[in-house]
Amino acid sequence: AASASNTERGVLEEEFKWLLKEEVHSVLKQLQDILKEASRRFTLPTGVGEGPAKQESFAVGATSSDQVKGILTLQGDTLCQAEVNLKTLRTNQLLHFAFRDDKQWKMQQIQDARNHVNQAIYLLTNRGENYTFQTGAEVLKLMDAVMLQLTRARNRLTTPATMTLPEVATSGLTKMFTPSLPSDILLNFYVNVNKLCLLVYQLHALQPNSTKNFRPSGSAVLHNPGAMFELNSQRFEVSHVHKVECLVPWLNDALVFFTVSLQLCQQLKDKISVFSSYWNFRSY
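Residues numbered from 1 in each chain as written. Predicted model: local features only at pLDDT ≥ 70, side-chain atom pairs only at ≥ 80, totals over all residues. Heavy atoms only, no water.

**Student:** Which residues make up the overall build of the protein chain, and what values go with them?
**Tutor:** When helices and strands are counted, the protein chain shows five helices and 10 strands. Relative to a compact globule of 284 residues, whose C-alpha radius of gyration would be 19 Å, the protein chain shows 26 Å and is clearly more extended. Expressed as lengths along the three principal axes of its C-alpha atoms, the size of the protein chain is roughly 90 × 50 × 30 Å. A buried classification covers 43% of the 284 residues belonging to the protein chain. For the protein chain, long-range pairs separated by at least 24 residues make up 66% of all intrachain contacts whose partners lie at least 6 apart in sequence. Positive and negative charge centroids in the protein chain, built from 29 and 26 side chains respectively, lie 5 Å apart. (Helix = DSSP H or I, 4+ residues; strand = E, 2+ residues; numbered from the N terminus. Rg over C-alpha atoms; globule rule 2.2 N^0.38 Å. Buried < 20%, exposed > 50% of the residue type's maximum accessible area, 1.4 Å probe, protein only. Contact = heavy atoms within 4.5 Å. Lys, Arg positive; Asp, Glu negative; His and termini not counted. Charge placed at Lys NZ, Arg CZ, Asp CG, Glu CD.)

**Student:** Would you mind going over the pattern of salt bridges in detail, with residue names and values included?
**Tutor:** With the rule as written, the count across this model stands at 13 salt bridges. The salt bridge partner of E245 is K243, with a shortest N-O separation of 3.5 Å. On the basis of relative accessible area, E245 is assigned to the partly exposed category, the value being 34%. Judged by relative accessible area, which is 38%, K243 ranks as partly exposed. What emerges from the salt-bridge pattern is a single network uniting E37, R40, R41 and D253. (Salt bridge = Lys/Arg side-chain N within 4 Å of Asp/Glu carboxyl O.)

**Student:** I'd like a description of helix α2 (residues 108–125), backed by residues and values.
**Tutor:** For α2, built from 18 residues, the straight-helix expectation of 26 Å at 1.5 Å per residue is met to within 8% by its first-to-last C-alpha distance of 26 Å. Every buried residue belonging to α2 is among Q109, I110, Q111, D112, A113, R114, H116, V117, A120, I121, L123 and L124, and all of these are buried. (Expected span 1.5 Å × (residues − 1).)

**Student:** Residues and numbers for the pairing of strand β2 (residues 68–75), please.
**Tutor:** Most of β2 sits out of view: six of its eight residues are buried. Bridge count between strand β1 (residues 56–60) and β2: five bridges; the pairing is antiparallel. Bridging across to β2, V60 finds its partner in G70. Sheet analysis places β2 next to strand β3 (residues 78–87), joined by eight bridges and oriented antiparallel. Paired with L72 across the bridge in β3 is A82. The turn joining β2 and β3, which pair antiparallel and follow one another in sequence, is formed by two residues; a positive phi near 60° is taken by G76. (Pairing = 2+ DSSP bridges.)

**Student:** Let's hear about the nonpolar core: which residues, and what values?
**Tutor:** By size, the foremost hydrophobic cluster in this structure holds 67 residues, and its most contacted members are F42, F189 and F258. Sequence-distant contacts of F258, that is, excluding residues within four places in its chain, are made with A38, F42, V117, L150, A153, R154 and L157. Within the second largest apolar cluster, 14 residues are counted, among which are M163, L186, Y190 and V238. (Core = buried A, V, L, I, M, F, W, Y, C linked by side-chain atoms within 4.5 Å.)

**Student:** Before we move on, can you summarise the packing of aromatic side chains with the specific residues and values?
**Tutor:** Each aromatic ring pair is specified by the distance between its two centres and by the angle formed by the two planes. Using the criterion set out here, one finds eight aromatic pairs in the structure. Their ring planes at 75° and their centres at 5.6 Å tell us that F42 and W250 sit as a pair that is edge-to-face. Pair noted here: F42 is in helix α1 (residues 2–43) and W250 is in helix α5 (residues 249–276), with a separation of 208 residues, a long-range link. On the basis of relative accessibility, which here comes to 4%, the residue W250 falls in the buried class. Look at F229 and F236: their rings are 5.3 Å apart centre to centre, the planes differ by 25°, and that puts the pair in the stacked class. You can call F229 buried: its relative accessible area is 2%. F236 sits in the buried class, given a relative accessible area of 11%. Here the aromatic residues F97, F99, F177 and F189 are joined through ring pairs into a cluster of three or more. In this structure, R127 packs its charged tip against the face of Y131, placed 4.6 Å from the ring centre. For R235, the ring lying beneath its charged end belongs to F214, and the centroid distance is 4.0 Å. (Phe/Tyr/Trp six-rings, centres within 6.5 Å; stacked < 30°, edge-to-face > 60°. Lys NZ or Arg CZ within 6 Å of the ring centre and 35° of its normal.)

All we've got here are geometric facts, nothing functional implied.
Right, here's the structure in full:
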């Protein structure tokens, strides 16, 4: 029985060595290929040596009931043009705003997600084909590091930043339009999963002698009507909120690549854990 178990152990050790030497590198190569595709989506090159990413325009608010309509032009992680038409609810005016020609808006979420993907690629390429993994623990450590970057990349796209209304009001975005935004209109852009979202707030200035109980609202992705804030000793209340959005197909692709990559990492971790559970050698 002892010799049988020794033989079994010998076979397992050979299999494990093969896993460390061959299969791990095969998975790393697969991951690199998938993540390079993901990274390419973020830069959207038009072709090799053809310079910057191509511009893509998206229409938001297409139905007749939408108070807000617009065309947003995205180039990689940059919103390079935005045209917004707003029908105000109080006065029923039609207002039109567009980015000034010299202005562009960086979509920080997209930039951060791309940086995390590139960091994951760096971790993978750092262990070249000639590198030999000595232990299962070493592979697990690498997989955890790669998975952390991919999870962060995904979270940046799926979790928009929360902002207070004074932060929205004083962000550089409000200074980018021509004509200038009226003092009772606020705008914000963000990414939510695979969508590019535009928020428009219509404000109502509260009179200094207003009997309304003033409670400034905290941080949120989207502030609801009734939210209040103070800016330059003037108090405001949100009277209407309009949210319009459009699907960005390449963001959708990138999220699929993240999911597939995370699954590959987890499968490799599971295989190594199965081997490690067969014996208690510290080196494995």
